[in-house]
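Spelled out, the chains give:
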Amino acid sequence: MSKMVSILVLLSVVLVSCGGSGVNNGELVSVKEKRAWYAEKPLGMVLIPGGSFTMGKSDEDLLGGLSTPSTTVNVSQFYMDETEISNGEYKTFVYWVRDSVARTKLAIAYDDLLLIGGEGEEINTGIEDYKFKEIDTTSATAYEKYMLENYGGSGDYNSETEGRALDWNNDLVWNKNDYPDVSYVEVMDSLLISVEDSFEGNRMIDVRKLKYRHKVFDESNAARKQGSRKDFISESILEIYPDTTVWLRDYLFSYNDPMHQNYFWHEAYLEYPVVGVSWDQAKAFCSWRTKRKNDFLRNQKNPTSIPYFRLPTEAEWEFAARGGLEYATYPWGGPYTVTDRGCFYANFKPGRGNYTVDGALYTMKVDSFPPNGYGLYNMAGNVSEWTNSSYNEESYLVVSTMNPDVNSSEISNKRKVIRGGSWKDTAYFLEVSSRDYEYADSVRSYIGFRTVQGFLGKN
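Residues numbered from 1 in each chain as written. Predicted model: local features only at pLDDT ≥ 70, side-chain atom pairs only at ≥ 80, totals over all residues. Heavy atoms only, no water.

### Digging into the overall build of the chain
Phase 1 of the analysis: If you tally the helices and strands in the chain, you get ten helices and twelve strands.
Phase 2 of the analysis: Split into buried and exposed, the 459 residues of the chain put 41% on the buried side.
Phase 3 of the analysis: Long-range contacts, defined as pairs at least 24 residues apart, comprise 70% of the intrachain contacts of the chain with a sequence gap of at least 6.
Phase 4 of the analysis: Here the chain has roughly 26,200 Å² of accessible surface; of this, 52% comes from carbon and sulfur atoms. (Helix = DSSP H or I, 4+ residues; strand = E, 2+ residues; numbered from the N terminus. Buried < 20%, exposed > 50% of the residue type's maximum accessible area, 1.4 Å probe, protein only. Contact = heavy atoms within 4.5 Å. Areas by Shrake-Rupley, 256 points an atom, 1.4 Å probe, with all protein chains shown as cover.)

Next up, the structure:
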């Protein structure tokens, strides 16, 4: 017996010394995750390496030299969209909001029918397939049961759904001739423009009802002021459909009706940059894109969450536009806008206004022209791009040299920096260091955007 005890003691000593039992002998060791972390490159993005560069004008600039003095700054690594956000990509956002609004109305309508019919009554209706998702309490976790009993669900209980989850398993019926019953018709009718506003009997979706609801946490001011978290959380309910009337309102005495009628919705323009989107709408798109990815990860039982998608800071945008070329005038180097064969490098307004000489009268596809050194398309021309930064003439003189950005300290400043120039701009605005601004609530036929995502890992 004593021999057996000795053998067991010996085995335990071996296991401890080899770490097999997980015992650390009282020493300080790092927490170990169950799986290794690795950075996943988002689809359609490229990794911008980060580093130090000279931001601003390197040559004398009579037009804007006072607001763009040369200054050395540093930016961290980040991912950036290869192209401007296209109509097709933005439509994915629009369709999700449209479907979310429709499903919410259908689910609430079904609840109303239950109230009218009385509890326990059998409701046979075409909208039953779209009722709020029911939680199986027999297999629910303790957390789900608690949230269901106390808040009605585990979602946002302040929302219209009161924390309950929508059921996305059944496809919506959009063909009017296939509507299942009157209850379904009534709900879908509430999404259409009124009969009085219809033209030639064509009642379309009322795009003013396509609203995206999201919350914003002002982390910067929360950290500085040390108040209650709820004081720095704001909610935004925003119409997200692009304003297609910009093609008419931006240009008086110009026939742009075909662009107004076709540019966003027609499949011919799917790969063209979305325009008519305000700074706030671009931010809402970033919020939705983050939610879309995180929802997918949660459904995959993956506890990992991603860094949120956002608009680039002004410094990040300029660093990326330079493509690794120090003191370059344009993303392709410089100082010329045409190749040695006379081909244009970008879509802009050459010379005195021959718009079509570069190949297009208005915008072009988002992957037109060769990319810069980082693999980014149209960092000059096509459409100007919203950045996250607020415009301040003296910002280069006051911002930090480490990931500079003035937006976090100037929330009330509604002038937002746009970069890159557009199809209607002269070559000066295509220069990587040129600055311009537009008001956050403005929409233009020549302003779009692209998104970035922070990189988690080693520099």
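### A word on unusual backbone geometry
Phase 1 of the analysis: Cis geometry is adopted by the peptide bond preceding P335, which originates at G334 and carries an omega value of 5°.
Phase 2 of the analysis: Residue position: P335 is located in the loop between α9 (314-322) and β8 (384-390).
Phase 3 of the analysis: Positioned with a positive phi, F369 is a non-glycine residue whose angle comes to about 65°.
Phase 4 of the analysis: Structurally, F369 is set in the loop between α9 and β8.
Phase 5 of the analysis: Judged by relative accessible area, F369 falls into the buried class, the value being 18%.
Phase 6 of the analysis: Phi at N378 takes a positive value of approximately 55°, unusual for a residue other than glycine.
Phase 7 of the analysis: You can see N378 is positioned in the loop between α9 and β8.

### Looking at helix α8 (residues 279-299)
Phase 1 of the analysis: Given a rise of 1.5 Å per residue, 21 residues ought to cover 30 Å, and the 31 Å separating the end C-alpha atoms of α8 matches this to within 8%.
Phase 2 of the analysis: Listed in full, the buried residues belonging to α8 are W279, Q281, A282, A284, F285, C286, W288, R289, T290, N294 and L297. (Expected span 1.5 Å × (residues − 1).)

### Describing the sheet that holds strand β1 (residues 45-48)
Phase 1 of the analysis: Strand order in the open sheet made by the four strands is β1-β4-β12-β7, with antiparallel pairing throughout. Two strands close off the open sheet at either side, each with one partner strand: β1 and β7 (309-310).
Phase 2 of the analysis: With three bridges connecting them, strand β4 (residues 78-81) and strand β12 (residues 452-454) associate as antiparallel partners. Its bridge partner lying in β12, Y79 is registered against Q453.
Phase 3 of the analysis: Here α9 sits on the sheet in contact with β1, β4, β7 and β12, set at roughly 75° to β4. (Pairing = 2+ DSSP bridges. Axes fitted to C-alpha atoms, helices over the stretch in contact; angles between N-to-C directions.)

### Brief notes about the pairing of β8
Phase 1 of the analysis: With seven of its seven residues buried, β8 lies for the most part within the structure.
Phase 2 of the analysis: Examined bridge by bridge, β8 and strand β11 (residues 447-448) share two bridges and lie parallel to one another. Across the sheet, the residue bridging to E385 is G448, located in β11.
Phase 3 of the analysis: One ladder, built from three bridges, connects β8 with strand β9 (residues 415-419); its direction is antiparallel.

### Structural notes on the pattern of salt bridges
Phase 1 of the analysis: What the rule picks out here adds up to 22 salt bridges.
Phase 2 of the analysis: Its salt-bridge partner being K131, residue E128 comes within 3.9 Å of it at the nearest N-O pair.
Phase 3 of the analysis: Residues joined in a network through salt bridges with shared partners are E314, E318, R322, R419 and R435. (Salt bridge = Lys/Arg side-chain N within 4 Å of Asp/Glu carboxyl O.)

### Description of the nonpolar core
Phase 1 of the analysis: Counting 53 residues, the largest nonpolar core has Y90, F93, Y184, I240, W247, W386 and F449 as the members making the most contacts within it.
Phase 2 of the analysis: Those elements that provide at least two residues to this core are α2 (87-117), α4 (182-189), α6 (246-249) and α8.
Phase 3 of the analysis: Take this core: its biggest share by element is nine residues, from α2.
Phase 4 of the analysis: Excluding residues that lie within four positions of it along the chain, W247 makes contacts with N256, M259, H260, Y263, V275, Y362, W423 and S445.
Phase 5 of the analysis: F53, A315, F319 and V452 belong to the second largest nonpolar core, which has 19 residues in total. (Core = buried A, V, L, I, M, F, W, Y, C linked by side-chain atoms within 4.5 Å.)

### Here's the deal with the side chain of N413
Phase 1 of the analysis: Here N413 shows up in the loop between α10 (395-398) and β9.
Phase 2 of the analysis: Residue N413 is classed as buried on the basis of its relative accessible area of 15%.
Phase 3 of the analysis: Only 2.8 Å separates the side chain of N413 from the backbone oxygen of Y391, close enough to count as a polar contact.
Phase 4 of the analysis: If we ignore the near neighbours within four places in the chain, the residues touching N413 are S390 and Y391. (Polar contact = N/O pair within 3.5 Å; in protein donor to acceptor, adjacent residues only side chain to side chain.)

### With respect to the environment of R164
Phase 1 of the analysis: As for its position among the elements, R164 is in the loop between α3 (142-151) and α4.
Phase 2 of the analysis: Through-space distance from the C-alpha of R164 to that of L148 is 8.6 Å; in sequence the pair is 16 residues apart.

### A short note on the packing of aromatic side chains
Phase 1 of the analysis: Taken as a whole and judged by the stated rule, the model has 32 aromatic pairs.
Phase 2 of the analysis: Centroid distance W332 to Y345: 4.8 Å. Interplanar angle 15°. Geometry classified as stacked. Taken together, the positions of W332 in the loop between α9 and β8 and Y345 in the loop between α9 and β8 put the pair 13 residues apart, joining distant regions of the chain.
Phase 3 of the analysis: For W332, a relative accessible area of 23% puts it in the partly exposed group. (Phe/Tyr/Trp six-rings, centres within 6.5 Å; stacked < 30°, edge-to-face > 60°.)

### With respect to the environment of I240
Phase 1 of the analysis: The topology assignment puts I240 in the loop between β6 (233-239) and α6.
Phase 2 of the analysis: Remark: the alpha-carbon pair of I240 and F285, spanning 45 residues in sequence, is separated by 8.3 Å.
Phase 3 of the analysis: With residues up to four places along the chain from it excluded, the contact list for I240 reads Y90, F93, V94, V97, L210, Y212, Q281 and A284.

### Concerning the sheet that holds β8
Phase 1 of the analysis: With respect to topology, four strands assemble into an open sheet ordered β10-β9-β8-β11, the strand pairing being mixed. Edge positions in the open sheet fall to β10 (436-439) and β11, since each of these has one partner strand only.
Phase 2 of the analysis: Both β9 and β10 contribute to a ladder of four bridges, which runs antiparallel. Within the sheet, the bridge partner assigned to V417 lies in β10 and is Y437.
Phase 3 of the analysis: Sheet strands touched by α8: β8 and β9. Its angle to β8, the strand with the most contacts, is close to 85°.

### Things to note about the confidence of the model for the chain
Phase 1 of the analysis: In this model, the chain carries an average pLDDT of 85, and 85% of its residues clear a pLDDT of 70 or more.
Phase 2 of the analysis: When mean pLDDT is taken per element in the chain, β11 scores highest with 98 and helix α1 (residues 2-18) scores lowest with 48.
Phase 3 of the analysis: Within the model, pLDDT remains below 50 along residues 7-21, and this stretch shows five contacts once partners closer than five positions in the same chain are excluded. (pLDDT = per-residue confidence, 0-100.)

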